[in-house]
Each structure stands twice: as C-alpha cells, then as structure tokens.
Amino acid sequence: MSDIRPATRDDLDAIVAVHRAAFGRDNEGDLVRRLVEAGRDAISLVAVDENDGVLGHVMFSPVTVEQGDDGKALGLAPIAVLPEHQRQGIGRELIEEGIGACFVRDARAIFVLGSPAYYAGFGFAKASAHGLHDAFEGGNAFQVLSLTIDGLAGYQGRVEYAPEFAVGL
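Throughout what follows, the structure given in this document is the object of discussion. (Residues numbered from 1 in each chain as written. Predicted model: local features only at pLDDT ≥ 70, side-chain atom pairs only at ≥ 80, totals over all residues. Heavy atoms only, no water.)

## Brief notes about the overall build of the protein chain
Across its full length, the protein chain carries four helices and 10 strands. Beginning at the N terminus, the succession of helices and strands in the protein chain can be written as β-α-α-β-β-β-β-α-β-α-β-β-β-β. A globule of 169 residues ought to have a C-alpha radius of gyration of about 15 Å, and the protein chain, at 15 Å, matches this closely. For the protein chain, buried positions account for 44% of its 169 residues. Of all intrachain contacts in the protein chain linking residues separated by at least 6 positions in sequence, the fraction that spans at least 24 positions is 67%. For the protein chain, the exposed surface amounts to about 8300 Å²; the carbon and sulfur share of it is 50%. (Helix = DSSP H or I, 4+ residues; strand = E, 2+ residues; numbered from the N terminus. Rg over C-alpha atoms; globule rule 2.2 N^0.38 Å. Buried < 20%, exposed > 50% of the residue type's maximum accessible area, 1.4 Å probe, protein only. Contact = heavy atoms within 4.5 Å. Areas by Shrake-Rupley, 256 points an atom, 1.4 Å probe, with all protein chains shown as cover.)

So, in structure tokens, the structure goes:
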C-alpha cells in the first residue's frame, strides 16, 4: 500500500500529471490548479510511494448550500490514481483518509457527484432524499455524507461547488 499525506505546493505538478493520466485530458488537473490558486483546496491529500512519488490525489473544497449554509460543507472532487496503480485500493484509502480529515476539520457534510454504487460503500446517500440538489443536475449521482448525527440539519436546496468548477464547462 501507499502512504497518504497532505499535499504540498511542491506536489502540484505531479498531482496535475496524475489527473491527466487518469482521465486522459486536462480538465481535472486544470481544476485542481485553479482550486489551489484560489485557496479553495480545503483538504488535499496524496498517496505516495516509497520514493515520495505521487500515485494518487483527492481534494475536498468548500461548497455552499442554498439554505442553512454555515461554511461546514465540503465537496469531494476530484480524485484520481495513476492508471497503473488503479484497482489496488489507493483511491479508497484516499477517500477514507479524506473523510477523516473532513471530520477533524469539523465539517458537517461532504457532497460528491459520482457512482452511487461506489460511494455508498463510504456511507454516501442520495442528496435528493434530504431536499438537496446540485447545479450539474446529477440526480442519483449527487450524494451526501453526514459527518454528525444532525449534520444535514437546516441544509436545503441547491448546493454550489466552488466557482472554479464552472470554468471551461
């Protein structure tokens, strides 16, 4: 397995390269760079090998909730693992460590737009069941994880990701 640690500025080019390799395009890597430059990389973790080479990355950035926003909700995106290291549990490790870091940071909820089957394994559930929806019309793929018993209390309506997500759409 790999080691998970907080990302540093020195990791940025390697992180961008991981996203480019994983997705075969520049969009996600460019998004990471925009979020970092805007200071919206609330939690950014890397999986590294014994030589400190970056194998994977996950980022959590602030989201706003239409009603009840208190600055304690985060969005999980993007996440990537180098293709030759995929299906080895690195992505799962990154997400689990990231959820823990969100909890330590006193976040109330985490939102994600992704595979319901995959993210259910981390405790995510349909956000629409809680009166929440996203700007991307993700439907059942838009999910939420409450980090406390009443983590979603007062949250209603549209959830907006950081403005950097809208660039290039």
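From this point, the discussion proceeds with the structure in view.
## Comments concerning helix 3 (residues 90-104)
In this model helix 3 runs 21 Å from its N-terminal to its C-terminal C-alpha over 15 residues, within 8% of the 21 Å that 1.5 Å per residue would give. Positive backbone phi, at 75°, marks Asp106, one or two positions downstream of helix 3. (Expected span 1.5 Å × (residues − 1).)

## Here we look at the sheet that holds strand 6 (residues 109-113)
As summarised here, the arrangement of the seven strands in space is 1-2-3-5-6-9-7, forming an open sheet in which the pairing is mixed. At either end of the open sheet lies a strand with only one pairing partner, and these are strand 1 (3-6) and strand 7 (125-126). Against the sheet, helix 2 (residues 27-37) engages strand 3 (54-62) and strand 5 (73-81), with an angle of about 55° to strand 3. (Pairing = 2+ DSSP bridges. Axes fitted to C-alpha atoms, helices over the stretch in contact; angles between N-to-C directions.)

## Here we look at helix 1 (residues 12-23)
Taking 1.5 Å per residue, 12 residues should reach 16 Å; helix 1 reaches 17 Å between its end C-alpha atoms and fits that length. Three or more residues of helix 1 are buried, namely Leu12, Ile15, Val16, Val18 and His19. All buried residues of helix 1 lie within an arc of 155° about the axis, which places them on one face of the element. Of the surrounding elements, those touching the buried residues of helix 1 are helix 2, strand 2 (43-48), strand 3 and strand 5. Where helix 1 terminates, the next one or two residues include Gly24, which has phi positive at roughly 70°. (Arc of directions from axis to C-beta.)

## Digging into the packing of helix 1 against helix 2
Taken N-terminus to C-terminus, the directions of helix 1 and helix 2 make an angle of 150°; their axes are 7 Å apart at the nearest point. Relative to helix 2, helix 1 is oriented roughly antiparallel. Where helix 1 approaches helix 2, its residues Leu12, Asp13, Ile15, Val16, His19 and Phe23 are matched on the opposing element by Glu28, Gly29, Val32, Arg33 and Val36. Class assignment for the residues of the contact of helix 1 with helix 2 results in six nonpolar, two polar and three charged. (Parallel < 35°, antiparallel > 145°, perpendicular 65-115°, else oblique. Nonpolar A, V, L, I, M, F, W, Y, C, P; charged D, E, K, R; others polar.)

## Brief notes about the nonpolar core
Counting 53 residues, the largest nonpolar core has Leu76, Ile110, Phe111 and Phe124 as its most contacted members. Counting residues per element, the ones that place at least two in this core are helix 1, helix 2, strand 2, strand 3, strand 5, helix 3, strand 6 and strand 9 (142-146). At seven residues, the largest contribution of residues to this core is made by strand 5. (Core = buried A, V, L, I, M, F, W, Y, C linked by side-chain atoms within 4.5 Å.)

## Section: the environment of Val54
Relative to the helices and strands, Val54 is located in strand 3. C-alpha of Val54 to C-alpha of Ser146: the two residues are 92 residues apart in sequence and 29 Å apart in space. Other than its neighbours up to four places away in sequence, Val54 contacts Asp11, Ala14, Ile15, Val18, Val46, Ala47, Val48 and Leu82.

## Section: unusual backbone geometry
Cis geometry is adopted by the peptide bond preceding Pro78, which originates at Ala77 and carries an omega value of -5°. Tracing the chain through its elements places Pro78 in strand 5. In this structure, Arg87 is a non-glycine residue whose phi angle is positive, near 65°. Of note, Arg87 is situated in the loop between strand 5 and helix 3. In this structure, Glu137 takes a positive phi of about 55° despite not being glycine. Mapped onto the fold, Glu137 is located in the loop between strand 8 (132-134) and strand 9.

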